[in-house]
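Summary of structural features
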Amino acid sequence: MLLAVWALAAHGAGAHVLLLNSYSPGRPGIDRVTDAFVQRLRESGIPLEHIHVEFLHLEQPNAEIVTPARRALLVAQYGGGRVDMLVALQQPALNFALRELADLAPEAPLLTDSQPSTVQLASSKRPVFLYSIVPDLGATVNEITQLMPRTRRIVIPGGVSDADRAFQRQAEVDVAPWLRKLQVEFLQNMSWAEQMRYIGNLTPDTVVVAGMFNRDRDGYSQPTIDAARDTMRAANVPVFSLFDSVVGEGAVGGAVRNLQQSGRELGERALALMEGGQPAGGTLTKVPVGPVQSLYDWRQLERWNIDPSPLKGATILFKPPSLWQAYRGAVLGAGGVIALLAGLLAVMLLRRRRFG
């Protein structure tokens, strides 16, 4: 009862939430998650002044050098105040939170979208909750095999940052059931320029899946969405997506994560945790994640001559309307006129028969 009263008081008075973003602002995917997260908290009554968003800029080449200064700044800014919940987006922010901010509000739970290591969990004093926004590569591969049954190879560009490696580890698990039927090739050991040249010369039995990219082996860095755009321009075969943000920009589609919906769900999970809705279950507690969405671009399906009928219930964007949808008013009007004329003709024939 005391725990429930404390949680209700904390939430009712306006809890303080600290959201740590791994990289710099301006990355559309992460910005969509962040904006939806903040909006959901505000809808619950938490004042904007109590929602603290920090961008850690961990994609910078000198990130490790400035880490002590960044830690000192955050501790000075938030160490003397109240923090009821920490949220870390992507692997670098999680690593930073567990390593550098272990003593910042140590009783406050940590909600993250990335998988902490066993060593990190063993050394952490705070409860850690996992809400995995990572895409479902296995679901997209399943849809690829339905749409394009002659596919024999799947190529996935990628990078070598902490977030990129975390994505690849999960991706390897997702595609494991398909390895007897398909050759799956990860390109992270190439430079980004080499990867783009490579996917421009693929055989017709191949498709490309745009996954996650932040930094290549040579230190070249760009947001995942820009990497996906590069991929769609360079590939000579269909490109499938794992996020909804590039469906409509050249990707065929896929079983995608809706990032805005993920941000709202992340906010709902944070609210539930602060209200005591889900107690910690040991060192790591997984919280429910919404399903991926089957989303496709009609124009790209037409371009690559892909029949979407095997996918029941998929959302198809930019599909031209049918005659009925496009000209419903005109069809109804014409039908009404025809019916009226037919009625008048019937009356005239009846009168003619009756009066000779």
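This text goes with the structure placed above it.
Residues numbered from 1 in each chain as written. Predicted model: local features only at pLDDT ≥ 70, side-chain atom pairs only at ≥ 80, totals over all residues. Heavy atoms only, no water.

It is worth spelling out the pairing of strand E2 (residues 51-55) at this point. As judged from the 5 bridges shared by strand E1 (residues 17-21) and E2, these two strands associate in the parallel manner. Within E2, the residue paired with Leu18 across the bridge is His52. Note that the unit made of E1, helix H2 (residues 28-43) and E2 has a crossover that is right-handed. (Pairing = 2+ DSSP bridges. Helix = DSSP H or I, 4+ residues; strand = E, 2+ residues; numbered from the N terminus. Right-handed = clockwise from strand over helix to strand, strands pointing away.)

On to a nonpolar patch on the surface, then. Among the surface-exposed residues, Val337, Leu340, Leu341 and Leu344 lie close enough to one another that they form a single nonpolar patch of about 390 Å² accessible area. Mapped onto the secondary structure, Leu340 falls in helix H13 (residues 328-355). (Patch = residues over 30% accessible without salt bridge, like charges linked within 9 Å, V, L, I, M, F, W, Y side chains within 5 Å. Areas by Shrake-Rupley, 256 points an atom, 1.4 Å probe, with all protein chains shown as cover. Salt bridge = Lys/Arg side-chain N within 4 Å of Asp/Glu carboxyl O.)

A separate point is the side chain of Asp297. Locating Asp297 in the fold gives a position in strand E12 (residues 293-297). Of note is the side chain of Asp297, whose polar atom sits 2.9 Å from the backbone nitrogen of Arg299. Contacts of Asp297, omitting those with residues within four sequence positions, involve Val247, Gly248, Ala251, Val252, Leu317 and Phe318. (Polar contact = N/O pair within 3.5 Å; in protein donor to acceptor, adjacent residues only side chain to side chain. Contact = heavy atoms within 4.5 Å.)

Before going further, it helps to spend a moment on helix H10 (residues 259-274). Given 3.6 residues per helical turn, the α-helix brings residues three or four places apart onto the same face. Taking 1.5 Å per residue as the helical rise, H10 with its 16 residues ought to reach 22 Å, and the 23 Å between its terminal C-alpha atoms agrees with that figure. Along H10, the residues that are buried comprise Leu259, Ser262, Gly263, Glu265, Leu266, Gly267, Arg269, Ala270, Leu271, Leu273 and Met274. Regarding H10, its N-cap is Asn258, as a side-chain oxygen of that residue lies 3.2 Å from the backbone nitrogen of Gln260 further along. Where H10 ends, the next residue or the one after it, Gly276, has phi of about 80°, a positive value. (Expected span 1.5 Å × (residues − 1). Buried < 20%, exposed > 50% of the residue type's maximum accessible area, 1.4 Å probe, protein only.)

Within the largest apolar cluster, 50 residues are counted, with the highest numbers of intra-cluster contacts made by Phe37, Leu111 and Phe240. Only E1, H2, strand E3 (85-89), helix H6 (137-147), strand E6 (153-156), helix H7 (162-175), strand E8 (206-210) and H10 provide two or more residues apiece to this core. No other element matches the 6 residues that H10 contributes to this core. Apart from the residues within four sequence positions on either side, Phe240 is in contact with Thr140, Ile144, Leu147, Met148, Val207, Val208, Val209, Ala210, Val252, Gly253 and Tyr296. Membership of the second largest hydrophobic core comes to 23 residues, among which are Leu20, Leu98, Leu101 and Leu121. (Core = buried A, V, L, I, M, F, W, Y, C linked by side-chain atoms within 4.5 Å.)

Applying the stated criterion across every chain yields a total of 14 salt bridges. Across the pair Glu268 and Arg40 runs a salt bridge, and its minimum N-O distance is 3.6 Å. Of the two residues, Glu268 is situated in helix H10 and Arg40 in helix H2; the sequence distance between them amounts to 228 residues. One salt bridge connects Glu185 with Arg153, and the closest N-O pair in it is separated by 3.0 Å. Placement of Glu185 in strand E7 (residues 183-186) and of Arg153 in strand E6 is noted, with a sequence separation of 32 residues between them.

A few words now on the sheet that holds strand E4 (residues 110-112). A sheet is described by the order of its strands in space; here 6 strands give the open sequence E2-E1-E3-E4-E5-E11, paired in parallel fashion. Strand pairing shows two members of the sheet lacking a second neighbour, E2 and strand E11 (284-286), which therefore form its edges. Strand-to-strand, the axes of this sheet are offset by a mean angle of 20°, without reference to chain direction. Of the strand pairs in this sheet, E4 and strand E5 (residues 128-130) are connected by 3 bridges, and their pairing is parallel. (Axes fitted to C-alpha atoms, helices over the stretch in contact; angles between N-to-C directions.)

This part takes up the packing of helix H4 (residues 91-100) against H7. Across the interface, H4 lies against H7 with an axial gap of 7 Å and an inter-helix angle of 110°. Compared by their axis directions, H4 and H7 come out roughly perpendicular. Two secondary-structure elements touch here, H4 through Gln91, Pro92 and Asn95 and H7 through Asp162, Ala163 and Ala166. (Parallel < 35°, antiparallel > 145°, perpendicular 65-115°, else oblique.)

Tallied over the full model, the rule gives 2 aromatic pairs. Between Phe240 and Tyr296, the ring centres sit 6.5 Å apart and the planes meet at 80°, which makes this aromatic pair edge-to-face. Of this pair, Phe240 sits in strand E9 (residues 239-241) while Tyr296 is found in strand E12, placing the two residues 56 residues apart along the sequence. Since its relative accessible area comes to 0%, Phe240 is described here as buried. (Phe/Tyr/Trp six-rings, centres within 6.5 Å; stacked < 30°, edge-to-face > 60°.)

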